[in-house]
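# Observations on chain architecture
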Amino acid sequence: MAPLPISSIRVGQIDDVQELIKSKPNKVPERFIREEYERGVVVSSLKTHHLHHQIPVIDLSKLSKPHNDDFFFEILKLSQACEDWGFFQVINHGIEVEVVEDVEKVAKEFFDMPLEEKKKYPMEPGTVQGYGQAFIFSEDQKLDWCNMFALGVHPPQIRNPKLWPSKPARFSESLEGYSKEIRELCKRLLKYIALSLGLKEERFEEMFGEAVQAVRMNYYPPCSSPDLVLGLSPHSDGSALTVLQQSKNSCVGLQILKDNTWVPVKPLPNALVINIGDTIEVLSNGKYKSVEHRAVTNREKERLTIVTFYAPNYEVKIEPMSELVNDETNPCKYRSYNHGDYSYHYVSNKLQGKKSLDFAKILN
Ligand code: OGA
Ligand code: NI
């Protein structure tokens, strides 16, 4: 998430969703009501468990052992997950449950604070860090049924220290601890992903340089008319990898687009959801997919997610890896670009499915 120059973007009135439901629990303002076509095929009415529609599960404990049969089987599963789904859940990832629960707790405490307190860390129009709604660029743009709090985490230069809250008292400490663990997990996953593409283990780490890591906490309050709104508009992530944690006892809310149908992702206990971002799609020359996804809301239940975006350093040049391109059988599908330029492009446009990646596509 590259910094944006603040221009005079007019975004109109942006209601805070938590405040809205406090004052008028049964009313959904016009600006949140989506067109019918945006709401897509209603998956909740499909018996998804009959359709074998569940994203693959990768057991990381099988990948921590030496290269035995289990190891190669799991790598194969990973490769299929990245090709067919762009999403998978990881179990036995080794991150202590206390670390995970702790960050959830401080995130929830943050969102539960009075609005005046949260407003000390505002997300200014055109920026993507702080508290508010991101990706809003005009007065008539529809709003998502969500409050967000986003922070640049690593390297330290991308941090805006004014936005790191002093309350809850343990927020920063807890987020630091969590982010360190997630960073290690991303490095590990990138090794396995490299192997699954037939590349040497360190290939991504070597090219990424000092990787950029950002976190976004998404709080989706209940909505009296969940069918009329979206929690988060459809998009693909600009990252290399995204790690999504859904708070304990979360209801289903994340949906991914597969075969033109929105498929819900059922949270597994103690699992993390991983998805391939635009950057890996480009580096793998389209073999691995950065899949479009969105979030929906629930009539009774709130939902909290903690999402980490892991990406190459802004200086890094991105293009399909030469090992994965073949002029005759697999021609190059994306042009080369600087990752910082892509990040800038990504955050200066509204979320619109996979449109961001048109930036890099070579059109025949
Ligand atoms: C995101 C995202 C989904 C969710 O933050 O990029 O896709 O369920 N979130 O919160
Ligand atoms: Ni996303």
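Residues numbered from 1 in each chain as written. Chains lettered and ligands numbered in written order. Predicted model: local features only at pLDDT ≥ 70, side-chain atom pairs only at ≥ 80, totals over all residues. Heavy atoms only, no water.

This next bit is on unusual backbone geometry. Here H154 and P155 are connected by a cis peptide whose omega angle stands at -5 degrees. As for its position among the elements, P155 is in the loop between strand 4 (147–154) and helix 6 (171–196). A cis amide bond links K167 to the next residue, P168, at an omega of -5 degrees. Mapping P168 onto the fold places it in the loop between strand 4 and helix 6. Positive phi is not limited to glycine here, since N92 has a value of about 50 degrees. Considering the arrangement of structural elements, one finds N92 in the loop between strand 2 (87–91) and helix 4 (97–112). Assessed through its relative accessible area of 47%, N92 is described here as partly exposed. With a phi angle near 50 degrees, D259 is a residue other than glycine that sits in the positive phi range. Mapped onto the elements of the fold, D259 is located in the loop between strand 8 (254–258) and strand 9 (261–264). Exposure remark for D259: the relative accessible area of 61% places this residue in the exposed category. (Helix = DSSP H or I, 4+ residues; strand = E, 2+ residues; numbered from the N terminus. Buried < 20%, exposed > 50% of the residue type's maximum accessible area, 1.4 Å probe, protein only.)

The nickel ion (ligand 2) binds to the protein through H235 (NE2), D237 (OD) and H293 (NE2), with metal-donor distances spanning 2.1 to 2.2 Å. Mapped onto the sequence, the residues coordinating the nickel ion (ligand 2) show the spacing H-x1-D-x55-H. Taken together, the positions of D237 in the loop between strand 6 (232–235) and strand 7 (241–246) and H293 in strand 11 (residues 293–295) put the pair 56 residues apart, joining distant regions of the chain. (Donors = N, O, S within 2.8 Å, 3.2 Å for Na, K, Ca; no water.)

Looking now at the packing of helix 3 (residues 69–84) against helix 6. Close contact between helix 3 and helix 6 brings their axes to 9 Å; oriented N to C, the two are set at 85 degrees. The pairing of helix 3 with helix 6 is recorded here as roughly perpendicular in orientation. Residues F71, I75, L78 and S79 of helix 3 pack against Y192, I193, L195 and S196 of helix 6. Partitioned by chemical class, the residues of the contact of helix 3 with helix 6 number six nonpolar, two polar and no charged. (Axes fitted to C-alpha atoms, helices over the stretch in contact; angles between N-to-C directions. Parallel < 35°, antiparallel > 145°, perpendicular 65-115°, else oblique. Contact = heavy atoms within 4.5 Å. Nonpolar A, V, L, I, M, F, W, Y, C, P; charged D, E, K, R; others polar.)

The tally for this structure, following the rule as stated, stands at 21 salt bridges. Measuring nitrogen to oxygen at the nearest pair gives 3.4 Å for the salt bridge that ties K77 to E74. Pair noted here: K77 and E74 are both in helix 3, with a separation of three residues, about one helical turn. Judged by its relative accessible area of 27%, K77 is partly exposed. Close ionic contact of E202 with K191 constitutes a salt bridge, the shortest N to O distance being 3.9 Å. Here E202, found in the loop between helix 6 and helix 7 (203–208), pairs with K191, found in helix 6; they are eleven residues apart in sequence, far enough to count as distant. (Salt bridge = Lys/Arg side-chain N within 4 Å of Asp/Glu carboxyl O.)

Right, let's talk about the site of ligand 1 for a bit. Residues in close proximity to ligand 1 total 14 residues, the closest being Y220, H235, H293, R303 and T305. The side chain of H235 places a nitrogen or oxygen atom 3.0 Å from an oxygen atom of ligand 1. In this structure, an oxygen atom belonging to ligand 1 sits 2.7 Å away from a side-chain N or O atom of T305. Contact with the protein chains hides 99% of the accessible area of ligand 1, taken as 290 Å² for the molecule alone. Most atoms of ligand 1, that is more than half of them, are within 2 Å of grid points of the second largest cavity. Going through the elements one at a time, strand 5 (212–220), strand 6, strand 11 and strand 12 (303–311) are the ones with two or more residues in the shell around ligand 1. Broken down by element, the shell around ligand 1 gets its largest block of residues, four residues, from strand 12. Among the residues making up the shell around ligand 1, the classes are represented as seven nonpolar, four polar and three charged. (Near = heavy atom within 4 Å. Polar contact = N/O pair within 3.5 Å; in protein donor to acceptor, adjacent residues only side chain to side chain. Areas by Shrake-Rupley, 256 points an atom, 1.4 Å probe, with all protein chains shown as cover. 1 Å grid on protein atoms, 1.4 Å probe; cavity = no way out; pocket = protein on both sides within 12 Å on 5 of 7 lines; lining within 4 Å. Sits in = over half its atoms within 2 Å of the grid points.)

Right, let's get into the state of the cysteines. Counted under the stated rule, the structure contains zero disulfides. The thiol of C186 is not disulfide-bonded; the next cysteine sulfur, from C82, is found 13 Å away. Residue C186 is classed as buried on the basis of its relative accessible area of 0%. No disulfide involves C223; its sulfur sits 12 Å from the nearest other cysteine sulfur, which is in C146. (Disulfide = S-S within 2.5 Å.)

Per the UniProt entry, the sites bearing "domain: Fe2OG dioxygenase" (unreviewed entry) are residues 203–312 in this numbering. Helix makes up 11% of residues 203–312 and strand 41%, with an end-to-end C-alpha separation of 12 Å. (UniProt positions renumbered as here; feature names shortened; annotations may be inferred.)

Strand pairing in a sheet takes place through backbone hydrogen bonds and is either antiparallel or parallel in direction. Read from one edge to the other, the open sheet built from four strands follows the order 6-11-8-9, with strand pairing classed as antiparallel. Either end of the sheet is taken by a strand with one partner, and the two such strands are strand 6 and strand 9. Between one strand axis and the next, the sheet turns by 25 degrees as a mean value, whatever way the strands run. Summarising the sheet, strand 8 and strand 9 pair through four bridges and their orientation is antiparallel. The partner of I256 across the bridge, within strand 9, is V263. (Pairing = 2+ DSSP bridges.)

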